[in-house]
Amino acid sequence: MTNAKRGSEALMEAWRNAGQPISEDFVSGLAEITSELVLERILIRGTPRPDVLQATFRVDGNSHGSQIGSVVQSVVDLAHRTNVVQHTALTWQTRGLAPVIDAQVIEVSVGADNRAR
C-alpha cells in the first residue's frame, strides 16, 4: 500500500509552501505611506492568500524629490517591520528629460518572485 496524499493534504501543503504571504499590516502601511501619491497600477496574486504584490506610484513634477526619498525610506522600514524585506524590490525612476522632469515613479514589488533580485 502506498502513502498517497489526499487532495486536501496536498492543497494544505501547497498553501503552506506558497511563498511569503503579504500581510494586511504591510498593505495598510503601504497605503498610508503612499496616500499622497497617484496609484498608477496594482497587481495582487495568490489564492487563497496573496503572496505577490506589485504597485506603481507616481508624483508629478520634479519638486518632490525629498518626498520620494522619504517614501522609499518609509517603504524599506515597513518591509523590515513586517518581515517581507527579503522578498521586496523597489525601483525609482524619472519621466521626462532634464531639466524638465514630468514625474517620478516608484515601483514596489513584494513576494516570492523577488527572491533572486
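Reading the values: the criteria
Residues numbered from 1 in each chain as written. Predicted model: local features only at pLDDT ≥ 70, side-chain atom pairs only at ≥ 80, totals over all residues. Heavy atoms only, no water. Pairing = 2+ DSSP bridges. Helix = DSSP H or I, 4+ residues; strand = E, 2+ residues; numbered from the N terminus. Axes fitted to C-alpha atoms, helices over the stretch in contact; angles between N-to-C directions. Contact = heavy atoms within 4.5 Å. Core = buried A, V, L, I, M, F, W, Y, C linked by side-chain atoms within 4.5 Å. Buried < 20%, exposed > 50% of the residue type's maximum accessible area, 1.4 Å probe, protein only. Salt bridge = Lys/Arg side-chain N within 4 Å of Asp/Glu carboxyl O.

A few points about the sheet that holds strand E2 (residues 52-60)
Hydrogen bonds between backbone groups are what pair the strands of a sheet, and the pairing can be parallel or antiparallel.
Reasoning step 1: Strand order in the open sheet formed by four strands is E1-E2-E4-E3, with antiparallel pairing between adjacent strands. The sheet terminates laterally at strand E1 (38-45) and strand E3 (88-97), the two strands that pair on one side only. Averaged over neighbouring strand pairs, the angle between their axes works out to 10 degrees when direction is ignored.
Reasoning step 2: Pairing between E2 and strand E4 (residues 100-111): nine bridges, direction antiparallel. In the sheet register, Arg-58 faces E4, and the bridge partner there is Val-105.

What to know about the side chain of Thr-82
Reasoning step 1: Note that Thr-82 resides in the loop between helix H3 (65-81) and E3.
Reasoning step 2: Among all residues touching Thr-82, those that are not within four sequence positions of it are Ser-23, Asp-25 and Phe-26.

Re the pairing of E1
Reasoning step 1: Relative to E2, E1 runs antiparallel, the two sharing seven bridges. What sits directly across from Arg-45, in E2, is Val-52.

Some points on the nonpolar core
Side chains of nonpolar character tend, in soluble globular proteins, to be buried together.
Reasoning step 1: Within the largest apolar cluster, 17 residues are counted, with the highest numbers of intra-cluster contacts made by Phe-26, Leu-30, Phe-57, Val-108 and Val-110.
Reasoning step 2: Looking at this core, the elements that each hand over two or more residues are helix H2 (24-33), E2, H3 and E4.
Reasoning step 3: Here this core gets five residues from one element, more than from any other, and that element is H3.
Reasoning step 4: Beyond its immediate sequence surroundings of up to four residues, Leu-30 is in contact with Leu-53, Phe-57, Val-75, Leu-78 and Val-108.

Details of the pairing of E3
Reasoning step 1: With ten bridges joining them, E3 and E4 adopt antiparallel strand pairing. When the bridges of E4 are listed, Leu-97 appears paired with Val-100.
Reasoning step 2: Hairpin connection from E3 to E4: two residues lie between these consecutive antiparallel strands.

Considering the pattern of salt bridges
Reasoning step 1: Scanning all chains against the criterion turns up four salt bridges.
Reasoning step 2: Glu-40 is the partner of Arg-58 in a salt bridge, and the nearest nitrogen-oxygen pair spans 3.0 Å. Within this pair, whereas Arg-58 is found in strand E2, its partner Glu-40 is found in strand E1, the two being separated by 18 residues in sequence.
Reasoning step 3: Among the residues examined, Glu-40 registers a relative accessible area of 32% and is labelled partly exposed.
Reasoning step 4: One network of salt bridges, with partners in common, ties together Glu-40, Arg-58, Asp-60 and Arg-95.

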